[in-house]
Amino acid sequence: SGNNLFRIKVTSPYNYTSQVIEFFNEKPDIVDFNPIIVEKGLTFSQETSYEIFDKNYKSVLKGFGLSVDLSSLKRGKYYLQSGTSTIWKKMIKK
């Protein structure tokens, strides 16, 4: 998050480098959640898109928000992917 500066360089066939490009992101890229062991639902650190997968990596729930109701899920191990992250986080439904 914050202020990011970068340049674009084209090496073939023109050997061109752009001027400095500035991009500012107000929100952090990492979305955290709690609890890891859930009974009814979980809450994210900020509004985000999310997708929940069962132990066989089948998508069982997806949406967007600050929290998600998990009362419809059966007990067991699930994986959560949120925002633009490619990291899957494990959670357990009691």
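Scroll up to find the structure.
Residues numbered from 1 in each chain as written. Predicted model: local features only at pLDDT ≥ 70, side-chain atom pairs only at ≥ 80, totals over all residues. Heavy atoms only, no water.

1. So, the pairing of strand β9 (residues 76-82)
Two elements, strand β7 (residues 41-53) and β9, share four bridges in a ladder whose sense is antiparallel. Note on β9: the bridge partner recorded for F53 is Y79. Of the pairings in the sheet, the one linking β9 to strand β10 (residues 89-93) comprises five bridges and is antiparallel in character. Directly across from K77, in β10, lies its bridge partner I92. (Pairing = 2+ DSSP bridges. Helix = DSSP H or I, 4+ residues; strand = E, 2+ residues; numbered from the N terminus.)

2. Thoughts on the side chain of S82
Locating S82 in the fold gives a position in strand β9. Assessed through its relative accessible area of 11%, S82 is described here as buried. The contacts of S82, once residues within four sequence positions are left out, are V31, F44, T48, S49 and Y50. (Buried < 20%, exposed > 50% of the residue type's maximum accessible area, 1.4 Å probe, protein only. Contact = heavy atoms within 4.5 Å.)

3. Structural notes on the packing of aromatic side chains
Under the counting rule described, the total for this entry stands at five aromatic pairs. Here F53 and W88 contribute two aromatic rings whose centre-to-centre distance is 4.2 Å and whose plane-to-plane angle is 20°, an arrangement assigned as stacked. Within this pair, whereas F53 is found in strand β7, its partner W88 is found in the loop between β9 and β10, the two being separated by 35 residues in sequence. Using a relative accessible area of 35% as the deciding quantity, one classes W88 as partly exposed. Between Y79 and W88 the ring centres are 6.4 Å apart and the planes differ by 55°, which places this aromatic pair in the tilted class. Residue Y79 is classed as buried on the basis of its relative accessible area, which comes to 13%. (Phe/Tyr/Trp six-rings, centres within 6.5 Å; stacked < 30°, edge-to-face > 60°.)

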